[in-house]
Amino acid sequence: MGGAVVDEGPTGIKAPDGGWGWAVLWGCFVITGFSYAFPKAVSVFFKELMREFGIGYSDTAWVSSILLAMLYGTGPLCSVCVNRFGCRPVMLAGGLLASLGMVSASFCGSIIQLYLTAGVVTGLGLALNFQPSLIMLNRYFNKRRPMANGLAAAGSPVFLCALSPLGQLLQDHYGWRGGFLILGGLLLNCCVCAALMRPLEAPGGAQGPGPRRPARRLLDLSVFRDRGFVIYAAAASVMVLGLFVPPVFVVSYAKDLGVPDTRAAFLLTVLGFVDIFARPAAGFITGLQKVRPYSVYLFSFAMFFNGFTDLTGSTASNYGGLAVFCIFFGISYGMVGALQFEVLMAIVGTQKFSSAIGLVLLLEAIAVLIGPPSGGKLLDATHVYQYVFILAGAEVLTSSLVLVLGNFFCIGKGPGAAQEEAHRPPEDLRVDSREVEHFLKTEPEKNGELAHTPETSV
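Given the structure is predicted, the values throughout are model-derived calculations rather than measurements.

Trainee: Would you take a moment to explain the environment of tryptophan 62 for this structure?
Mentor: Inspection of the secondary structure assignment puts tryptophan 62 in helix H3 (residues 57–73). Assessed through its relative accessible area of 30%, tryptophan 62 is described here as partly exposed. Residues within four places of tryptophan 62 in sequence aside, it is in contact with Tyr115, Leu369 and Pro373.

Right, here's the structure in full:
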């Protein structure tokens, strides 16, 4: 799944919708790919880690869980750092941290050290890259923002297609230590992407007094008064318990069936390839005028489809069955990734979206820490992969029922009510317009340009 960050950028500077923005888009594409594909791609090293440290599936699954938890749970910290130091310095520091974590992991002598290096340090570094990159993308694009966000989100499945076979290749030739060391070097490309995040400047480099936006709280906890948000947050938290489990275990499942390592790792490539096309297709369908008012129910269907795919995947007994499972899982996974934040914005409205997404990600971070390790515990106890997929499918199916039934019986809004609320002008914009009016009246003429009245300027 992808993330979203609402950031209005510098006041009075128009988004170029192109130009250097294409370089920013490329940087965001690469960082999104590393951030979301990396926790899944390291699962190809699990078998080797188990043999090296003499541990079980649940212990190794904590590496991916900690990576995802750091990515999800450090949103407020990233916001504070960006507000204090700016996007580019934070991303440069994040790239160095991500690389340092994987390089240090290659020298670890215990699984606990791997948790701290490959999990905490690398996860924090990726988080410090991901959120600022989306902020910069939203500053550079306005009219083309949906298209830009869609292209950036495609980095996740594209990198998943590349990193999984690359990880297996590195393990075969250099072992897991050499593979971690090389992957750490690859993560230094995040610093290159950070260098692309050039701050926007006023035309001609002009600087001067201008209207200032009123300060906002870091987190608006009033969203918990919205029943729609509470239902969405509960459903999303349950969904995440099982959503990431199949990609973590499908490679080991194939190897347990006797599939060669290279072919087993190729399953994640199949999943990622399908996901590349599923995300923009789902976004296009959701944007249709007759479909968008029912986006909550479409999201519920995507969750139901994903859970049902997990249940049917538990019946796979050969490589062909797992390949078919990965195809349908990629479709449903892409639908979930494309719809989740569109639905959240429709529920809470634009003025509360930045706070709502931060709180949802914090709640999901707890579920991410529980999901894959619980699947690993079940596998250690039963040694049957089918039970792991059944548990994941049941959790995702439960989340779809929570969302659709809660929306139908508890919220009591028509299909278009959420969209109307989302497009309602926020209160702080009215305050901002008065500041603009005061500024224009006190600056009647500047640089030879006549000042317009507020009515003609808006």
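Trainee: Could you clarify how one ought to interpret the side chain of serine 399 in this entry?
Mentor: Mapped onto the elements, serine 399 comes out in helix H16 (residues 385–411). A relative accessible area of 0% means that serine 399 is categorised as buried. If we skip the residues at most four places from it in the chain, serine 399 touches Ala235, Val238, Met239 and Met303.

Trainee: Sorry if this is basic, but what is going on with empty space enclosed by the protein here?
Mentor: Where empty space is left becomes clear once a probe the size of a water molecule has been rolled over the atoms. Counting across every chain of the model gives two cavities of 30 Å³ or more. Taken as a whole, the largest cavity holds about 40 Å³ of empty space. As for the largest cavity, its lining consists of Phe38, Ala41, Val42, Phe45, Leu163, Gly167 and Leu183. Those elements that provide at least two residues to the lining of the largest cavity are helix H1 (21–41) and helix H8 (155–186). Among the elements that take part in the lining of the largest cavity, H8 stands out by supplying three residues, more than any other. Residue classes in the lining of the largest cavity are distributed as six nonpolar, one polar and no charged. Its boundaries defined by the atoms lining it, the second largest cavity holds a volume of some 30 Å³. The wall of the second largest cavity is formed by Tyr36, Ala37, Lys40, Ser156, Pro157, Leu160, Asp275 and Tyr333. Residue assignment for the lining of the second largest cavity shows that the elements contributing at least two residues are H1 and H8.

Trainee: Is there a simple way to think about unusual backbone geometry in this case?
Mentor: For histidine 383, which is not glycine, the phi dihedral falls at a positive 60°. Relative to the helices and strands, histidine 383 resides in the loop between helix H15 (353–382) and H16.

Trainee: Quick question: what am I supposed to make of the pattern of salt bridges here?
Mentor: Two side chains bearing opposite charge may form a pair once their charged atoms approach each other closely. What the rule picks out here adds up to three salt bridges. Residues glutamate 52 and arginine 177 are paired through a salt bridge, measuring 3.3 Å at the closest nitrogen-oxygen approach. In this pair, glutamate 52 sits in helix H2 (residues 46–53) while arginine 177 sits in helix H8, placing the two residues 125 residues apart along the sequence. Relative accessible area serves as the criterion here: at 30%, arginine 177 is assigned to the partly exposed category. For the salt bridge of arginine 279 with aspartate 275, the shortest nitrogen-to-oxygen distance reads 3.0 Å. With arginine 279 and aspartate 275 both in helix H12 (residues 261–286) and four residues apart, the pair spans about one turn of that helix.

About the cut-offs
- Residues numbered from 1 in each chain as written.
- Predicted model: local features only at pLDDT ≥ 70, side-chain atom pairs only at ≥ 80, totals over all residues.
- Heavy atoms only, no water.
- Helix = DSSP H or I, 4+ residues; strand = E, 2+ residues; numbered from the N terminus.
- Buried < 20%, exposed > 50% of the residue type's maximum accessible area, 1.4 Å probe, protein only.
- Contact = heavy atoms within 4.5 Å.
- 1 Å grid on protein atoms, 1.4 Å probe; cavity = no way out; pocket = protein on both sides within 12 Å on 5 of 7 lines; lining within 4 Å.
- Points joined across faces, edges and corners; volume = space filled by probe spheres on them.
- Nonpolar A, V, L, I, M, F, W, Y, C, P; charged D, E, K, R; others polar.
- Salt bridge = Lys/Arg side-chain N within 4 Å of Asp/Glu carboxyl O.

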